[in-house]
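# Topology and contacts: notes
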Amino acid sequence: MERGDVCVQDKLNHACLIDGATLAGCALRRYPHNDVDAASRQLDGAGDAPKLLATDGVFSMDGDLAPLRPLAALAKVHHALLLVDDAHGFGVLGTDGQGSPEHLGLDAHDVPLRMVTLGKAVGCSGALVLGSRAMIDALIQFARPFVYTTALPPAIAAAALCSITHLRREPQRRAHLRELIARFRIGASQLGYTVMPSTTPIQPLLIGDTQAAVALSQALLQGGRYVPAIRPPTVPVGAARLRVTLSAAHTAAQIDGLLDALNDMRCA
Ligand SMILES: *Cc1c(COP(=O)(O)O)cnc(C)c1O
């Protein structure tokens, strides 16, 4: 993207997408969260300018999915390039762990450009961009932050490759994770907590008041559970939450332990 181009983004996109658009010098338009009609109007308004439509696949603070199928159709109609940041989908969603496009039955024609981090499900550091040869070549030649940054160390690349092999071959880890997610959601709802519409390992509990969320987080930490409080300005005022993040390495007993702790705190 460059000056004169238009980047249309979801308002809840990760900061890196916002900063990337700013760095590129293109015009940035942001639509209300997951509002496909609003995205359509913004693409319309961009006229003949080159357009990029960018969204998180899984939103990092809410855990919900982007409506990738209608967004992909929209991008095609408007001749916009669709970029999906699938940092939280890769490794976790889809039969083979390929992420939110696979989960929603979409392929590389629907989502021509994807960014996935190696820092989350893969357990390493660094990131990948997945796209056509021409797009990758263009990034290698012109993406300044990439060109002027030291390459991934070979040891990290080897570890990531090994991790991705496990991700593909061991769907039972994803099945286990899905069970933990269901167990946590049912349990937390039964305790009277407000779960959010998320089917992913990001399971925020809406608390509302910032001080209350921080107090709950600190109490959980005392019991050996790291559940950060997410508060304004990361989320809107009055929407402070506990961001529970589940992993395939957790056990059902640990989920029950967390639920017991949440129950004790609710009564305290
Ligand atoms: C975590 C995250 C990133 C950043 O990944 P790093 O590996 O920490 O650079 C980018 N996008 C989204 C949506 C994320 O959740």
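## Examining the side chain of Asp5
Examined against the element boundaries, Asp5 turns out to sit in the segment before strand 1 (6-10). We note that Asp5 is buried and unpaired, the nearest opposite charge coming from Lys51 at a distance of 9.4 Å. Once residues lying within four places of it in the same chain are set aside, the contact partners of Asp5 are Cys26, Ala27 and Pro50.

## Description of the domain arrangement of the protein
When the parts come together, some accessible area is lost, and that loss is often what is quoted as the size of the interface. What the domain assignment reports for the protein is domain 1 (6-168) and domain 2 (171-267). A separation of 26 Å is found between the C-alpha centroids of domain 1 and domain 2. Facing the 18 residues of domain 1 at the interface are 16 residues of domain 2. Of the roughly 1,200 Å² buried between domain 1 and domain 2 on both sides combined, carbon and sulfur atoms contribute 55%. By the criterion of area lost to domain 2, the three top residues of domain 1 are Met61, Asp62 and Val92, representing 44% of everything that side buries. Remark: the boundary between domain 1 and domain 2 carries one salt bridge. Arg241 is the salt-bridge partner of Asp62, the closest N and O atoms lying 3.2 Å from each other. Counting across the domain 1 and domain 2 interface gives nine residue pairs in polar contact (both at pLDDT 80 or more). Of the residues that constitute the side of domain 1 that touches domain 2, the class distribution is seven nonpolar, seven polar and four charged.

Analysis parameters
Residues numbered from 1 in each chain as written. Predicted model: local features only at pLDDT ≥ 70, side-chain atom pairs only at ≥ 80, totals over all residues. Heavy atoms only, no water. Helix = DSSP H or I, 4+ residues; strand = E, 2+ residues; numbered from the N terminus. Buried < 20%, exposed > 50% of the residue type's maximum accessible area, 1.4 Å probe, protein only. Lys, Arg positive; Asp, Glu negative; His and termini not counted. Salt bridge = Lys/Arg side-chain N within 4 Å of Asp/Glu carboxyl O. Contact = heavy atoms within 4.5 Å. Domains from an automatic or database assignment. Buried area = accessible area lost by both parts, 1.4 Å probe. Polar contact = N/O pair within 3.5 Å; in protein donor to acceptor, adjacent residues only side chain to side chain. Nonpolar A, V, L, I, M, F, W, Y, C, P; charged D, E, K, R; others polar.

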